[in-house]
Amino acid sequence: ITAWQWNFGDGTTSSLQSPQKTFIPPTHDNTYNVRLIVQDNHHCFDTAYQPVKVIYTCYIAVPTAFTPNGDNLNDYLYPLNAYKTSNLEFKVFNRFGQLVFYTTDWTKKWDGTYKGKPQPEGSYVWVLRYTHTETHQQYYLKGTSVLIR
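Residues numbered from 1 in each chain as written. Predicted model: local features only at pLDDT ≥ 70, side-chain atom pairs only at ≥ 80, totals over all residues. Heavy atoms only, no water.

S.K.: So what exactly am I meant to see when it comes to the overall build of the protein chain here?
M.R.: Each helix and strand in the protein chain was counted, giving 0 helices and 11 strands. In terms of C-alpha radius of gyration, the protein chain reaches 21 Å, well past the compact-globule figure of 15 Å for 149 residues. With respect to the principal axes defined by its C-alpha atoms, the protein chain has extents near 65 × 35 × 25 Å. Buried residues in the protein chain amount to 30% of all 149 residues. Carbon and sulfur atoms provide 52% of the accessible area of the protein chain, an area that totals close to 10,000 Å². The average position of the 13 basic charges and that of the 11 acidic charges among the side chains of the protein chain differ by 10 Å. (Helix = DSSP H or I, 4+ residues; strand = E, 2+ residues; numbered from the N terminus. Rg over C-alpha atoms; globule rule 2.2 N^0.38 Å. Buried < 20%, exposed > 50% of the residue type's maximum accessible area, 1.4 Å probe, protein only. Areas by Shrake-Rupley, 256 points an atom, 1.4 Å probe, with all protein chains shown as cover. Lys, Arg positive; Asp, Glu negative; His and termini not counted. Charge placed at Lys NZ, Arg CZ, Asp CG, Glu CD.)

S.K.: Looking at this model, I keep getting lost on the nonpolar core. Mind explaining?
M.R.: In globular proteins that are soluble, nonpolar side chains generally tend to be buried together. Grouped together as the largest cluster of nonpolar side chains are 18 residues, with contacts concentrated most on Leu77, Leu88, Phe90, Val92, Trp110 and Leu128. Those elements that provide at least two residues to this core are strand E6 (85–93), strand E7 (99–103) and strand E10 (122–132). With 4 residues, the top contributor of residues to this core is E10. Sequence-distant contacts of Leu77, defined by excluding residues within four places in its chain, comprise Val62, Pro63, Phe66, Phe90, Val92, Lys109, Trp110 and Ser145. In terms of nonpolar packing, the next biggest core, distinct from the first, is built from 8 residues, Trp6, Phe8, Leu36 and Val38 among them. (Core = buried A, V, L, I, M, F, W, Y, C linked by side-chain atoms within 4.5 Å. Contact = heavy atoms within 4.5 Å.)

S.K.: Please explain the sheet that holds E6 as it appears in this structure.
M.R.: Paired through their backbone hydrogen bonds, the strands of a sheet run either parallel or antiparallel. With mixed pairing, 5 strands are arranged side by side in an open sheet as E5-E11-E10-E6-E7. Since the sheet does not close on itself, it has two edges, and those belong to strand E5 (65–66) and E7, each with one partner. (Pairing = 2+ DSSP bridges.)

Below is the structure:
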């Protein structure tokens with residue numbers, strides 16, 4: 001490869017092989033379509049595209065209710081927007097204090113089942129621990145969410 005041409009989808013470009021790009025924080029979540037065109041020593045070109053999601057806020061929240069009914073709307077319970085976390089633990093307990101869901105990956109979502117069996121409607125207690133990757137501050141949050149069928 002002899003040349004690189006980046007277009008970051010926000011009006012900025014670069015011809016560096018590995019540019020250091022920082023997106024200006026948007027006023028709402030935004031997805032930029034980043035394009036890279038490379039050229040080799042035979043004057044052949046190739047193009048790659050990659051969407052990059054830039055989030056408005058790093059505020060992490062857990063929904064107060066979810067409806068795991070298969071309509072693809074609020075079907076799962078999980079910590080939203082946990083892009084900048086490490087050492088994450090998310091636990092969900094039923095009304096008897098039984099652990100019904102556990103994950104260390106915020107993209108893994110509770111579907112309202114335990115051992116493959118749908119759980120009843122009602123309130124579930126959740127506990128969320130994580131470390132913010134930029135500030136290194138540790139957080140311990142807890143709350144309840146309602147499972148609605």
